[in-house]
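# Remarks on the overall topology
The primary structure of each chain is shown beneath.
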Amino acid sequence: DVKKQRKARSQIYEASMLGRTHRAAHIEARLLDAIEADRIEPYYQPIFEIDTRRIVGLEVLARWRQSGGDFVPPDVFIPIAEERQLIDALSERLLKRACVDARQWPEDIFLSFNISPVHMETEGWERRLMDILGQTGFAPSRLQVEITETSLASDLPAAARALAFLQKEGVAVALDDFGTGYSNLAQLSNFSFARIKIDRSFVAPLLEDERQQKIVRLMVALARVLDVWATAEGIETEEQLVLLGKLGCRYGQGYLVSRAVPSDEVVALLAAAPLGAATIGGQNLPEQ
Ligand code: C2E
Ligand code: MG
Ligand code: MG
Ligand code: MG
């Protein structure tokens, strides 16, 4: 019986592996076409000041809409692009489009762009990034790059050199998904980030769990002593927003204010008055 069970289980396993491999191969085959036809599009999610809900910047999130209208999630196609050496082409085209879009925004609004750890392993990526800014006429001081700690894991000196180069050119560097990795604290001592982005897994349980509140409070305090701005990801409710403000977090991002939207909707978002600022205005937030 056990034998039969094991056999059945291994068949299920094989079938699911096969399914996954097929799916990946299927996606991979169309990914190159999609990249070359610029069908991977930049969408933009606002980053706002929690106190005022004023939008201060927008994060580029890659969206791949298929001919049927369905979206392939970036969590699916980015890893495939990384594996198949398509990430350089994808990143560069996406950044170019985003810079062109962002040139139309008010000058005090920054653009935040996710850099893949695999892209960072390509020799000279930081120079090509600066070239794109030059070509599109986008000011380096309006760009923020988001990296994860994985980017610093394989070749720390090279990554730190590239990031220091960008910083010298005026580009801000943010540490994304803060709190989810193994050595976030080490990364904070290795490099001076402009921002840390507190992962949404800390924000989701915030109201129900007092321990989580203490941890977020500590993350924000840590950021403050290091002169780093904290941004909380994944704010979905009013209550989370108010609580994060009380915990001293200055910036936020999340569905409560807006999902990622296509370029033509950004202008409208920026034109709209900050929502409900009166309800949380006047609250004295600690200075960073
Ligand atoms: P990330 O950089 O941490 O981006 C934040 C993710 O959280 C986005 O998912 C965003 O849509 C989602 N999010 C924002 N607010 C909320 C919220 O209130 N609730 C919930 N549940 N989710 C929220 P998305 O767009 O699916 O991207 C997933 C990940 O894929 C990103 O995580 C990033 O690591 C990667 N990614 C996306 N676009 C790019 C890109 O252009 N280049 C690279 N290298 N990676 C990208
Ligand atoms: Mg990000
Ligand atoms: Mg993140
Ligand atoms: Mg994330």
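## What about the packing of aromatic side chains?
Aromatic ring pairs are described here by two measures, namely the spacing of the ring centres and the angle between the planes. A complete count under the given rule lists 5 aromatic pairs for this structure. Just above the ring of Y251 sits the side chain of R195; from NZ or CZ to the centre is 5.0 Å. Above the face of the Y255 ring, R259 is positioned so that its terminal group lies 3.8 Å from the ring centre.

## Focus: the nonpolar core
In this structure, L31, I40, F77, L111, L129, L143 and L244 are the most contacted members of the largest nonpolar core, which totals 74 residues. Sort the elements by how many residues they give to this core and helix α3 (residues 87–102) lands first, with 7 residues. In this structure L31 touches I40, W64, F77, I80, A81 and L86, once residues within four positions along its chain are discounted.

## Quick notes on the coordination of the magnesium ion (ligand 3)
The magnesium ion (ligand 3) binds to the protein through D176 (OD), D177 (OD), E233 (OE) and E233 (OE), with metal-donor distances spanning 2.0 to 2.6 Å. Along the chain, the residues donating to the magnesium ion (ligand 3) are arranged with the sequence spacing D-D-x55-E. Between the magnesium ion (ligand 3) and the magnesium ion (ligand 2) the interatomic distance amounts to 3.9 Å, and D176 serves as a bridging ligand to the pair. In this pair, D176 sits in strand β6 (residues 172–178) while E233 sits in the loop between β8 (229–232) and α11 (238–246), placing the two residues 57 residues apart along the sequence. Across the pair, E233 and D176 agree in class, each one buried.

## Focus on the site of ligand 1
Lining the immediate environment of ligand 1, one finds 20 residues, of which R63, D176, R200, E236 and Y255 sit closest. With respect to ligand 1, the side chain of E233 contributes an N or O atom lying 3.3 Å from an oxygen atom. Contact with the protein chains covers 84% of the free accessible surface of ligand 1, which is 800 Å². Placement of ligand 1 is best described as lying within the largest pocket.

About the criteria used
Residues numbered from 1 in each chain as written. Chains lettered and ligands numbered in written order. Predicted model: local features only at pLDDT ≥ 70, side-chain atom pairs only at ≥ 80, totals over all residues. Heavy atoms only, no water. Phe/Tyr/Trp six-rings, centres within 6.5 Å; stacked < 30°, edge-to-face > 60°. Lys NZ or Arg CZ within 6 Å of the ring centre and 35° of its normal. Core = buried A, V, L, I, M, F, W, Y, C linked by side-chain atoms within 4.5 Å. Buried < 20%, exposed > 50% of the residue type's maximum accessible area, 1.4 Å probe, protein only. Helix = DSSP H or I, 4+ residues; strand = E, 2+ residues; numbered from the N terminus. Contact = heavy atoms within 4.5 Å. Donors = N, O, S within 2.8 Å, 3.2 Å for Na, K, Ca; no water. Near = heavy atom within 4 Å. Polar contact = N/O pair within 3.5 Å; in protein donor to acceptor, adjacent residues only side chain to side chain. Areas by Shrake-Rupley, 256 points an atom, 1.4 Å probe, with all protein chains shown as cover. 1 Å grid on protein atoms, 1.4 Å probe; cavity = no way out; pocket = protein on both sides within 12 Å on 5 of 7 lines; lining within 4 Å. Sits in = over half its atoms within 2 Å of the grid points.

Interpretation in functional terms is not warranted from these geometric data alone.
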